[in-house]
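For reference, the chains in residue letters:
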Amino acid sequence: MIMVEPWPELVNASGGEAGHFEILKEIATTIRRLRADYNIEPAKEVHCVIDADLDIVELIGDNLKWLEALTRAKISPKEDVPEGFAMEAIGSTKIGIDIAGAIDVKAETAKLTKEMKKLEKYIASTEKKLQNGEFIDKAPEYVVKDMGDKLAEAKNEFESLENRLTTLSKLS
């Protein structure tokens, strides 16, 4: 027997539920990324505040249980992200997690400082190569471009580490 019914048609493709899911997914991803950036153990529950527009706060409220389960965070909407919280923004939404009791600040500071020193050496040596006219003339164009891209990545990573170190210094 051959089916003769037409395929279901998409009704209201304006983003509605799918758009809501994307917002929630982005919030969960950001909280998880912050946890990973600060080396917070996955099993450890953290306090998270979200400064967002009313519609997003309502969306979070409607989905709070599963969002907390996915992120291992106690989430509460708040006016501002308090000082000393690790913070990241998604558009006008600010997400902050309390890292004060979740990590060993001294150990994390030492680790970040070590990583920054390593990156400083890499950045300095790469900049020196890229400023060397002889190297630029002899090296294939793709090698020079690749080094430039890696240098930009290293500078971004260094800036990120610097921001994390600044946040940690506020906790000491």
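Residues numbered from 1 in each chain as written. Predicted model: local features only at pLDDT ≥ 70, side-chain atom pairs only at ≥ 80, totals over all residues. Heavy atoms only, no water.

1. Topic: unusual backbone geometry
Move 1: Phi at Asn39 takes a positive value of approximately 55 degrees, unusual for a residue other than glycine.
Move 2: Residue position: Asn39 is located in the loop between helix 1 (16-37) and strand 1 (46-51).
Move 3: In this structure, Arg72 is a non-glycine residue whose phi angle is positive, near 50 degrees.
Move 4: The residue Arg72 is located in the loop between helix 3 (64-71) and strand 2 (73-77) in this model.
Move 5: Looking at Arg72, the relative accessible area reads 37%, which means it is partly exposed. (Helix = DSSP H or I, 4+ residues; strand = E, 2+ residues; numbered from the N terminus. Buried < 20%, exposed > 50% of the residue type's maximum accessible area, 1.4 Å probe, protein only.)

2. Thoughts on the packing of helix 4 (residues 105-131) against helix 6 (residues 141-169)
Each pair of packed helices can be summarised by the angle the axes make with each other and by the distance between the axes.
Move 1: Viewed as axis vectors pointing N to C, helix 4 and helix 6 meet at an angle of 155 degrees, and their least axial separation amounts to 9 Å. On the basis of their axis angle, the class for helix 4 and helix 6 is roughly antiparallel. In this structure, helix 4 meets helix 6 at a crossing whose hand is left-handed. (Axes fitted to C-alpha atoms, helices over the stretch in contact; angles between N-to-C directions. Parallel < 35°, antiparallel > 145°, perpendicular 65-115°, else oblique. Left-handed = near helix turned anticlockwise from the far one by under 90°.)

3. Topic: the packing of aromatic side chains
Move 1: Applying the stated criterion across every chain yields a total of zero aromatic pairs.
Move 2: Lying across the ring of Tyr38, Arg164 places its NZ or CZ 5.7 Å from the centre. (Phe/Tyr/Trp six-rings, centres within 6.5 Å; stacked < 30°, edge-to-face > 60°. Lys NZ or Arg CZ within 6 Å of the ring centre and 35° of its normal.)

4. A word on the confidence of the model for the chain
Move 1: When the pLDDT values of the chain are averaged, the result is 87; 90% of them are 70 or greater.
Move 2: Of all the helices and strands in the chain, helix 1 carries the lowest mean pLDDT, 89, while helix 4 carries the highest, 94.
Move 3: Taken as a whole, residues 10-14 scores under 50 in pLDDT and shows zero contacts with residues more than four places along the chain or in a different chain. (pLDDT = per-residue confidence, 0-100. Contact = heavy atoms within 4.5 Å.)

5. Structural notes on the sheet that holds strand 4 (residues 93-98)
Move 1: The four strands are arranged 2-1-4-3 in an open sheet whose pairing can be described as mixed. Each having just a single partner strand, strand 2 and strand 3 (85-90) make up the two edges of the open sheet. Averaged over all neighbouring strand pairs, the angle between strand axes comes to 20 degrees, with direction disregarded. (Pairing = 2+ DSSP bridges.)

6. Let's talk about a nonpolar patch on the surface
Move 1: Together, Phe21, Trp66 and Leu70 make up a nonpolar patch on the protein surface, roughly 280 Å² of accessible area in all.
Move 2: Inspection of the secondary structure assignment puts Trp66 in helix 3.
Move 3: Residue Trp66 is classed as partly exposed on the basis of its relative accessible area of 32%. (Patch = residues over 30% accessible without salt bridge, like charges linked within 9 Å, V, L, I, M, F, W, Y side chains within 5 Å. Areas by Shrake-Rupley, 256 points an atom, 1.4 Å probe, with all protein chains shown as cover. Salt bridge = Lys/Arg side-chain N within 4 Å of Asp/Glu carboxyl O.)

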